[in-house]
Amino acid sequence: MHGPDILVRTLSRETREDRHGNRWQYHSRSDHHSKVACWGIVFDLLRTNSLLRRHVEEARVFFGINHEMRDFVHDRKKNLDLVLCTPSSSNGGHSVQNLSRMAKDYEIKLTADQQTELRELPVLRGGPVGSVLMALEAKACMTAHQRALPRLYDELNSSHLTVHGATDQAIAAGFAMVNISSQYLSPDLNKSNRSTNPVWSSHDQPRDAGLAIDKIRQLPRRSKTGDTGYDALAIVVVDCANDGSTVRLVGTPPAPQANDIYHYSSMIDRLGHIYATRFKQL
């Protein structure tokens, strides 16, 4: 699977600029990391799922970015990072956006082999959202792990509730990136002082990352429609100091292992199986 590798390679470059002129690999007020993670998930799904490829090739499936979903039951709304959907018949023509253009817009860094694979896939285009088939939500826990846990849990939990409150048939997929670096350069603490007197945040690792992972594991999951929870959920652990150094993908514990339901490959396999079962008659 390419998604996590694409994510850390892309985040290894300082592409997010704040109003003080600092450039960052990760900034909590940017959705760049979320969009890159979701792009990688869709890329891997297209690579591994023949039914989805056929639906894209036949222009039955499009994607939408920052799509607002409204929970019909509780009348709450939430913008989802990326959705796979059928096209709307009432909102005009399709967007010029497609998966390749999105990679350029978000400065997603691909290897030569990944670029070749992308060119060989059918063109997945953006467009007005009709029925949502799959909704992707990505969040990150990079620093102050213990303090961030309630908000991280609430944000992820509200996503699947909103998705299934809007349409129970939709697949709700979650992705969480957890930082295991012991030192971190926070954009909030280094606005005008980054180059002259940087303030480093220290973490007790791997304890802090483990606390975040354990909290994410508490999110509800479901095995069939009608239940409450995520249809699939992945946790990826990275080593990111946010100082311009290379971001590293971490595969050792507390990161989920290959046979874990929270492993990225397990999520892609599960999403592909659910899609092939639930939308085979699309």
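Cut-offs applied
- Residues numbered from 1 in each chain as written.
- Predicted model: local features only at pLDDT ≥ 70, side-chain atom pairs only at ≥ 80, totals over all residues.
- Heavy atoms only, no water.
- Phe/Tyr/Trp six-rings, centres within 6.5 Å; stacked < 30°, edge-to-face > 60°.
- Buried < 20%, exposed > 50% of the residue type's maximum accessible area, 1.4 Å probe, protein only.
- Lys NZ or Arg CZ within 6 Å of the ring centre and 35° of its normal.
- Salt bridge = Lys/Arg side-chain N within 4 Å of Asp/Glu carboxyl O.
- Helix = DSSP H or I, 4+ residues; strand = E, 2+ residues; numbered from the N terminus.
- Contact = heavy atoms within 4.5 Å.
- Disulfide = S-S within 2.5 Å.
- Axes fitted to C-alpha atoms, helices over the stretch in contact; angles between N-to-C directions.
- Parallel < 35°, antiparallel > 145°, perpendicular 65-115°, else oblique.
- Left-handed = near helix turned anticlockwise from the far one by under 90°.
- Nonpolar A, V, L, I, M, F, W, Y, C, P; charged D, E, K, R; others polar.
- Polar contact = N/O pair within 3.5 Å; in protein donor to acceptor, adjacent residues only side chain to side chain.
- Core = buried A, V, L, I, M, F, W, Y, C linked by side-chain atoms within 4.5 Å.

Novice: Got a minute to help me understand the packing of aromatic side chains in this structure?
Specialist: Any aromatic ring pair is given by two values, namely how distant the centres are and how the planes are angled relative to each other. Evaluation of the coordinates by the stated rule reveals 3 aromatic pairs. With centroids separated by 5.4 Å and ring planes inclined at 55 degrees, the aromatic side chains of Tyr275 and Phe279 adopt a geometry described as tilted. Both residues of the pair, Tyr275 and Phe279, belong to the buried class. It is Arg47 that lies over the ring of Phe43; its NZ or CZ is 5.9 Å from the centre. Note that Lys215 overlies the ring of Tyr153, its terminal NZ or CZ placed 4.9 Å from the centroid.

Novice: Please clarify how the pattern of salt bridges should be interpreted in this entry.
Specialist: Close approach of charged atoms allows side chains of opposite charge to pair. Counting across every chain of the model gives 22 salt bridges. Close ionic contact of Glu137 with Lys78 constitutes a salt bridge, the shortest N to O distance being 3.6 Å. With Glu137 in strand β5 (residues 129–141) and Lys78 in strand β4 (residues 77–87), this residue pair connects regions lying 59 residues apart in the sequence. Members of the salt-bridge network, linked through shared partners, are Lys78, Glu137, Lys139, Arg151 and Glu155.

Novice: Would you mind showing me how to read the side chain of Asp71 here?
Specialist: Inspection of the secondary structure assignment puts Asp71 in the loop between β3 (62–70) and β4. Exposure remark for Asp71: the relative accessible area of 1% places this residue in the buried category. When sequence neighbours within four positions are dropped, the list of residues in contact with Asp71 reads Arg76, Leu161, Thr162, Gly165 and Ala166.

Novice: Explain the state of the cysteines to me, please; I cannot follow it from the model alone.
Specialist: Chemically, a disulfide is nothing more than a covalent bond linking the sulfur atoms of two cysteines. Evaluation of the coordinates by the stated rule reveals 0 disulfides. Just so you know, Cys38 is unpaired, no disulfide at all, and the nearest cysteine sulfur is the one on Cys85, 14 Å from it. Summary of cysteine pairing: Cys141 is not part of a disulfide, and the nearest cysteine sulfur, belonging to Cys240, is at 12 Å. A relative accessible area of 2% places Cys141 in the buried class.

Novice: Whenever I open this one, the packing of helix α1 (residues 3–11) against helix α2 (residues 32–48) confuses me. Can you help?
Specialist: The description of two helices packed together rests on the angle between their axes and the distance between the axes. Taken N-terminus to C-terminus, the directions of α1 and α2 make an angle of 150 degrees; their axes are 8 Å apart at the nearest point. On the basis of their axis angle, the class for α1 and α2 is roughly antiparallel. Crossing geometry of α1 relative to α2 is assigned as right-handed. Here α1 contributes Gly3, Ile6, Leu7, Thr10 and Leu11 to the contact with α2, which in turn contributes His32, His33, Val36, Ala37, Trp39, Gly40, Phe43 and Asp44. The residue makeup of the contact of α1 with α2, split by class, is 7 nonpolar, 5 polar and 1 charged.

Novice: It is not clear to me how the packing of α2 against helix α8 (residues 264–278) should be interpreted in this structure. Could you clarify?
Specialist: Relative orientation of the contacting elements α2 and α8 amounts to 60 degrees, with a least axis distance of 10 Å. Comparing their axes, α8 and α2 come out oblique. In the crossing of α2 with α8, the sense of the turn from one axis to the other is right-handed. Each of Gly40, Ile41, Asp44, Leu45 and Thr48 in α2 lies in contact with α8, whose residues at this interface are Tyr264, Met267, Ile268, Leu271 and Gly272. Grouping the amino acids of the contact of α2 with α8 by side-chain chemistry returns 6 nonpolar, 3 polar and 1 charged.

Novice: Can you help me understand the side chain of Ser12 in this one?
Specialist: The topology assignment puts Ser12 in the loop between α1 and β1 (16–17). Setting aside chain neighbours within four positions, we find Ser12 in contact with Gln25, Gly244, Ser245, Thr246 and Val247.

Novice: Teacher, can you tell me more about unusual backbone geometry here?
Specialist: Working note: non-glycine residues mostly have negative phi, and peptide bonds are mostly trans. With an omega dihedral of 10 degrees, the bond running from Gln205 to Pro206 counts as a cis peptide bond. Within the fold, Pro206 resides in the loop between β8 (200–202) and α7 (207–217). With a phi angle near 55 degrees, Glu107 is a residue other than glycine that sits in the positive phi range. Following the sequence through the fold, Glu107 ends up in the loop between α4 (99–105) and α5 (112–120).

Novice: Mind showing me how you'd approach the environment of Gln257 here?
Specialist: Looking at the element boundaries, Gln257 is found in the loop between β10 (248–250) and α8. Here Ala255 takes part through its backbone oxygen, which lies 2.7 Å from a polar atom of the side chain of Gln257.

Novice: Help me understand the nonpolar core in this model?
Specialist: Soluble globular proteins tend to bury their nonpolar side chains together. Formed by 53 residues in total, the largest nonpolar core has its most connected members in Trp39, Ile41, Leu84, Leu124, Phe175, Leu271 and Tyr275. With 9 residues, the single largest contributor to this core is α2. Residues within four places of Leu124 in sequence aside, it is in contact with Val42, Leu46, Val56, Val61, Phe62, Phe63, Leu84, Asn98 and Leu99. With 31 residues, the next largest nonpolar core counts Met69, Leu152, Ala209 and Tyr262 among its residues.

Fair warning: the whole summary comes from geometry, so function is off the table for now.
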